[in-house]
Amino acid sequence: MKEKISGAHAFMQSLLEEGVDTIFGYPGGAIMPVFDALFDYHDKVNHILTRHEQGAAHAAQGYARVSGKTGICLVTSGPAATNAITGIADALLDSTPIIVISGQVGTTLLGTDAFQEIDVVGITSPITKWSYQIRYAKDIAWAVARAFYIANTGRPGPVVLDITKSAQNEMIEFNYEKCNFIRSYTPIPDVNSNQIQVAADLINEAKKPYALIGQGVILGGAEKELINFLEKGDIPAASTLLGLSALPSDFRLNKGFLGMHGNVAPNIKTNECDVLIAIGMRFDDRVTGDLTQYARQAKIIHLEIDPSEISKNVTVDAPVLGSVKDSLPLLTEKIKPATHTEWIESFDEHDKREHEVVIKKEVFRTEGELTMGEVVHKITEATNNKAVVVTDVGQNQMIAARYFKYSQTRSVVTSGGLGTMGFGIPAAIGAKIGAPERDVILFSGDGGFQMTIQELGTIMQENLGVKMVILDNRFLGMVRQWQELFFDERYSFTHMKNPDFVAIANAYNIESRLVSKREDLDAGIADMLKDDKPYVLVVEVEQKGLVYPMVPAGASVTNILLGD
């Protein structure tokens, strides 16, 4: 007979079986047995004590996004579990594999409104791939194995395991078997050769083919396969927000950033191409604008792992189901070598106009107030385009997406679908732990920074070399931009009186510096990057800066405001 161990120890052993080396969490009563067991595994598992459960969930996301592993978040019951919900929802919309483990009251107390009891499964079922309550220790290994399989296969996403305190304390014989099959769950559809042929025929007949690149390429590890496809077909491409870094910024066929604040040419050419090839993206409204005016002239091919995304927003002529890691090579084999020089060069006139009207004013200004764009540009150059960029949400996010450059994949960590202010600091913590050898640069606005500012305590305790840049315009900048453009400059509750960020950083033993003049910016950046210690660089930028180009919400992707 095997020696019996507690459910809590069985839980820890199960995590080790799945290769877990990092947990982000916050202890409490209903999860205390697991934390007590964790004490025995401190040499095998690194636990990061965040300052808030939302921070733990976002840190798990950041870790997963840069490492390609499943992020783990461990919290107690009641308010701890509900605090993690924002991170769970964010992970669902951005297809990020995390497992959130919440403690729960004992099995005999379920349904009694016991102290800190809440229906975690009921709350989280709509925002997870799977949510399950473990009531008995015998189910722990099975549930953990299943959770990892679901979270990180197919289209990745969040899983919640709600484990009762009695299950944690119960003694059992431990046996672990990894999960590699669940009846009725088909994470990766088989690629249909007929679908490949239909798509290839459309591409071979195209005069103006155009590829839209989403995060599915990164999640599927298909970056090389993508480049091979684009080069053989001589097909220009642009990326969604989460697809940025799937292609190096200087790749000759990379035409930039799609969407509301994306580059001009990528948006306009959507409505000029004759074949549109969507690869691992979901036709989000921030990319498509008015669907009634979106790519009506084009035949549309959609390479996608999730069948529910096919023709959900945009009707598709040639769906290709399957992992892009599998489908892209098959499609590349079927397409003919091509040259589309004139079509590719037609992007240039729009690039030149955008540079003259927008980029020169934003990035290469020599007088007046500092701009967000010049800060981002100087930092990406100082890191030789090799850093991981993490953003909060708002103007800082869009400016970083526009002007930060990439030389390797998994270099962008941002909240896309949910648009979560406060995402930045904890996600940067996770990113730095997931990629300790890389520079991790966070761009945040003064508003978003204050939403999770307590996580500076986590950075201090772990001595994490996260470089935090506050683009301080003393406003909730993106809301203020909409108020200026669409609400008659009625700035309702968007002005912010901010604290002394430098003093706050220093209180957390984090080196900091304030830059308010252009002539001091280079020295501030150099000081920030001089070593691998945490740093807060506060840059006072123009108060009423606007992010251009801009496609107004609900407008056609060709209806682009340039601010001229």
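Reading the values: the criteria
Residues numbered from 1 in each chain as written. Predicted model: local features only at pLDDT ≥ 70, side-chain atom pairs only at ≥ 80, totals over all residues. Heavy atoms only, no water. Domains from an automatic or database assignment. Contact = heavy atoms within 4.5 Å. Buried area = accessible area lost by both parts, 1.4 Å probe. Polar contact = N/O pair within 3.5 Å; in protein donor to acceptor, adjacent residues only side chain to side chain. Helix = DSSP H or I, 4+ residues; strand = E, 2+ residues; numbered from the N terminus. Nonpolar A, V, L, I, M, F, W, Y, C, P; charged D, E, K, R; others polar. Core = buried A, V, L, I, M, F, W, Y, C linked by side-chain atoms within 4.5 Å. Buried < 20%, exposed > 50% of the residue type's maximum accessible area, 1.4 Å probe, protein only. Pairing = 2+ DSSP bridges. Axes fitted to C-alpha atoms, helices over the stretch in contact; angles between N-to-C directions. Salt bridge = Lys/Arg side-chain N within 4 Å of Asp/Glu carboxyl O. Parallel < 35°, antiparallel > 145°, perpendicular 65-115°, else oblique. Left-handed = near helix turned anticlockwise from the far one by under 90°. Patch = residues over 30% accessible without salt bridge, like charges linked within 9 Å, V, L, I, M, F, W, Y side chains within 5 Å. Areas by Shrake-Rupley, 256 points an atom, 1.4 Å probe, with all protein chains shown as cover. Lys, Arg positive; Asp, Glu negative; His and termini not counted. Charge placed at Lys NZ, Arg CZ, Asp CG, Glu CD.

A few words on the domain arrangement of the protein. On domain assignment, one finds that the protein holds domain 1 (4–173), domain 2 (193–347) and domain 3 (370–540). Placing the centre of domain 1 and that of domain 3 at their C-alpha centroids yields a distance of 29 Å. In this complex, domain 1 contributes 25 residues to the contact, which on the side of domain 3 involves 26 residues. Around 2000 Å² of area is buried between domain 1 and domain 3 when both sides are counted, 62% of it from carbon and sulfur atoms. Looking at the side of domain 1 facing domain 3, the largest losses of area belong to Arg51, Arg65 and Val66, adding up to 33% of the total buried there. Counting across the domain 1 and domain 3 interface gives eleven residue pairs in polar contact (both at pLDDT 80 or more). Mapped by element, the contributors of at least two residues to the side of domain 1 that touches domain 3 are strand 2 (22–25), strand 3 (46–49), helix 3 (53–67) and helix 5 (85–93). Among the elements that take part in the side of domain 1 that touches domain 3, helix 3 stands out by supplying eleven residues, more than any other. Of the residues that constitute the side of domain 1 that touches domain 3, the class distribution is nine nonpolar, twelve polar and four charged.

The next point concerns the nonpolar core. Ranked by size, the top nonpolar core spans 48 residues in total, and within it Phe24, Val390, Val413, Phe449, Ile459, Met468 and Val536 carry the most contacts. Residue contributions to this core reach at least three from each of two domains, namely domain 1 (4–173) and domain 3 (370–540). What Phe449 contacts, discounting residues up to four positions off in sequence, is Ile425, Ser444, Leu456, Met468, Ile470, Phe501 and Val536. Counting residues in each nonpolar core, the second largest holds 46 residues, with Val357, Val376, Ala401 and Phe443 among its members.

Now for the sheet that holds strand 16 (residues 412–413). Pairing is parallel in the open sheet, where six strands are placed in the order 16-15-17-18-20-19. Both edges of this open sheet fall to strand 16 and strand 19 (511–515), since each of them pairs with a single strand only. Two strands pair when backbone bridges link them, and strand 15 (residues 388–391) and strand 17 (residues 440–445) are joined in this way by four bridges, in the parallel orientation. Across the sheet, the residue bridging to Val389 is Ile441, located in strand 17. Contacting strand 18 (466–472), strand 19 and strand 20 (535–540), helix 24 (residues 521–528) crosses the sheet at an angle of about 165 degrees to strand 20.

This next bit is on the environment of Gly71. Residue placement: Gly71 occurs in strand 4 (residues 71–75). With a relative accessible area of 0%, Gly71 lands in the buried category. For the pair Gly71 and Lys530, spaced 459 residues apart in the sequence, the C-alpha separation amounts to 30 Å. Setting aside anything within four residues of it in sequence, one finds Gly71 in contact with Ala60, Tyr63, Ala64, Pro97, Ile98 and Ile99.

This part takes up the pattern of salt bridges. Scanning the entire structure with this criterion turns up 22 salt bridges. A salt bridge links Arg282 to Asp284, with the shortest nitrogen-to-oxygen separation between them at 3.6 Å. Judged by relative accessible area, Arg282 falls into the partly exposed class, the value being 25%. Connected through salt bridges with shared partners, the residues Arg155, Asp306, Glu309 and Lys312 form a single ionic network.

What follows is about the side chain of Ser415. Tracing the backbone shows Ser415 in the loop between strand 16 and helix 19 (424–434). Reaching out from Ser415, the side chain makes a polar contact with the side chain of Asp90 at a distance of 2.6 Å. At 2.9 Å, the side chain of Ser415 forms a polar contact with the backbone nitrogen of Thr420. With sequence-adjacent residues up to four places away left out, Ser415 is seen in contact with Asp90, Asp94, Val393, Gln397, Thr420 and Phe423.

Packing of helix 11 (residues 223–233) against helix 14 (residues 324–334) leaves a shortest axis separation of 9 Å and a crossing angle of 20 degrees. Taken as axis vectors, helix 11 and helix 14 run roughly parallel relative to one another. Judged by the sense of rotation from one axis to the other, the crossing of helix 11 with helix 14 is left-handed. Along its contact with helix 11, which presents Glu225, Leu226, Asn228, Phe229 and Lys232, the element helix 14 presents Lys325, Leu328, Pro329, Leu331, Thr332 and Glu333.

On the surface, Glu342, Glu345, Asp348 and Glu349 cluster together to form a negatively charged patch. Residue assignment for the negative patch shows that the elements contributing at least two residues are helix 15 (341–345) and helix 16 (348–363). Looking at the element boundaries, Glu345 is found in helix 15.

A separate point is the sheet that holds strand 11 (residues 254–257). Strand order in the open sheet formed by six strands is 11-10-9-12-13-14, with parallel pairing between adjacent strands. At either end of the open sheet lies a strand with only one pairing partner, and these are strand 11 and strand 14 (318–321). Strand-to-strand twist across the sheet, computed as the mean angle between neighbouring axes with direction ignored, equals 20 degrees. Bridging between strand 13 (residues 299–304) and strand 14 involves four bridges; their strand directions are parallel. The partner of His302 across the bridge, within strand 14, is Pro319. Those strands touched by helix 11 are strand 9 (209–213), strand 10 (237–239) and strand 12 (275–279), and its axis lies near 170 degrees from that of strand 12.

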